[in-house]
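An overview of the molecular structure
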Amino acid sequence: MTHAFYASHPIDSERLPWIPMGRPGLAFKPLRFFRDGSGWMYLFRLEPGTLIPRHRHLGESHAFNISGSRKLLDTGEVIGPGTYVYEPPGNVDSWQVVGDEPLVLHITVKGGIEYLGEDGQVLRSVSPAERLETYRRWCQEHGVEALATVE
């Protein structure tokens, strides 16, 4: 009889630094990257007024608002703390942080993300492998231990 070994992998998010994501107002704390390269799970922090431009999810996305609020620009709906949003594969949206406090989301992204221009053309894309490499490179450059799991 074979027994599989399972173990929990706790990550103290307070020990993780907020890692800048290119442009001002965006930072993330990666929690987990899926070993098969299919996606990642992270805390996402955005400063008030920050706009997330039109983008398409190539896989499903799950987002839970921990604090702060965001406005879905296509519908006008405001998503506040404690709200969960599911986005199916192929979903296209854009949104903006509203109010005076930063927005913090817990997000699981499967597949990549394509950022779109006015006429729907893909301006740039981000794959799970690229997000993992960004994280590893930042940790190496700043002498910080990479605590996010790759499972």
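Residues numbered from 1 in each chain as written. Predicted model: local features only at pLDDT ≥ 70, side-chain atom pairs only at ≥ 80, totals over all residues. Heavy atoms only, no water.

A closer look at the overall build of the protein
Counting its regular elements, the protein contains one helix and 13 strands. For the protein, the N- to C-terminal ordering of α and β elements is β-β-β-β-β-β-β-β-β-β-β-β-α-β. Compactness check: the protein gives a C-alpha radius of gyration of 16 Å against a globular reference of 15 Å for 151 residues, within 12% of the reference. For the protein, the spread of C-alpha atoms along the principal axes amounts to about 55 × 30 × 30 Å. The long-range share in the protein, meaning contacts at least 24 apart out of those at least 6 apart in sequence, stands at 62%. For the protein, the exposed area adds up to about 8600 Å²; of that, 53% sits on carbon and sulfur atoms. In the protein, 15 positive and 19 negative side-chain charges are present, and the distance between their average locations comes to 3 Å. (Helix = DSSP H or I, 4+ residues; strand = E, 2+ residues; numbered from the N terminus. Rg over C-alpha atoms; globule rule 2.2 N^0.38 Å. Contact = heavy atoms within 4.5 Å. Areas by Shrake-Rupley, 256 points an atom, 1.4 Å probe, with all protein chains shown as cover. Lys, Arg positive; Asp, Glu negative; His and termini not counted. Charge placed at Lys NZ, Arg CZ, Asp CG, Glu CD.)

Description of the pairing of strand β5 (residues 61–67)
The sheet contact formed by β5 and strand β8 (residues 84–87) spans four bridges and is antiparallel. Bridging across to β8, H62 finds its partner in Y86. Pairing of β5 with strand β10 (residues 103–110) involves six bridges; the strand directions are antiparallel. Within β10, the position partnered with N65 by the bridge is L105. (Pairing = 2+ DSSP bridges.)

Here's the deal with the pattern of salt bridges
Taken as a whole and judged by the stated rule, the model has five salt bridges. E145 is paired through a salt bridge with R15; the nearest N and O atoms lie 4.0 Å apart. One end of the pair, E145, is in the loop between α1 (128–142) and β13 (149–150); the other, R15, is in the segment before β1 (19–20), and 130 residues separate them in sequence. For E145, a relative accessible area of 55% puts it in the exposed group. When its relative accessible area of 56% is taken as the criterion, R15 is described as exposed. Notably, a salt bridge pairs E114 with R56, separated by 2.9 Å at the nearest N-O pair. Residue E114 is found in strand β11 (residues 113–116), and its partner R56 is found in strand β4 (residues 51–57); the two are separated by 58 residues along the sequence. E114 sits in the buried class, given a relative accessible area of 16%. Since its relative accessible area comes to 24%, R56 is described here as partly exposed. (Salt bridge = Lys/Arg side-chain N within 4 Å of Asp/Glu carboxyl O. Buried < 20%, exposed > 50% of the residue type's maximum accessible area, 1.4 Å probe, protein only.)

Some words on the packing of aromatic side chains
This model, assessed by the stated rule, comprises five aromatic pairs. Between the aromatic rings of W40 and Y42, the centroid separation amounts to 6.1 Å while the plane-to-plane angle is 40°, which identifies the pairing as tilted. The exposure class assigned to W40 is buried, which follows from its relative accessible area of 1%. Aromatic pair Y42 and F44: ring centres 5.5 Å apart, planes at 50°, arrangement tilted. (Phe/Tyr/Trp six-rings, centres within 6.5 Å; stacked < 30°, edge-to-face > 60°.)

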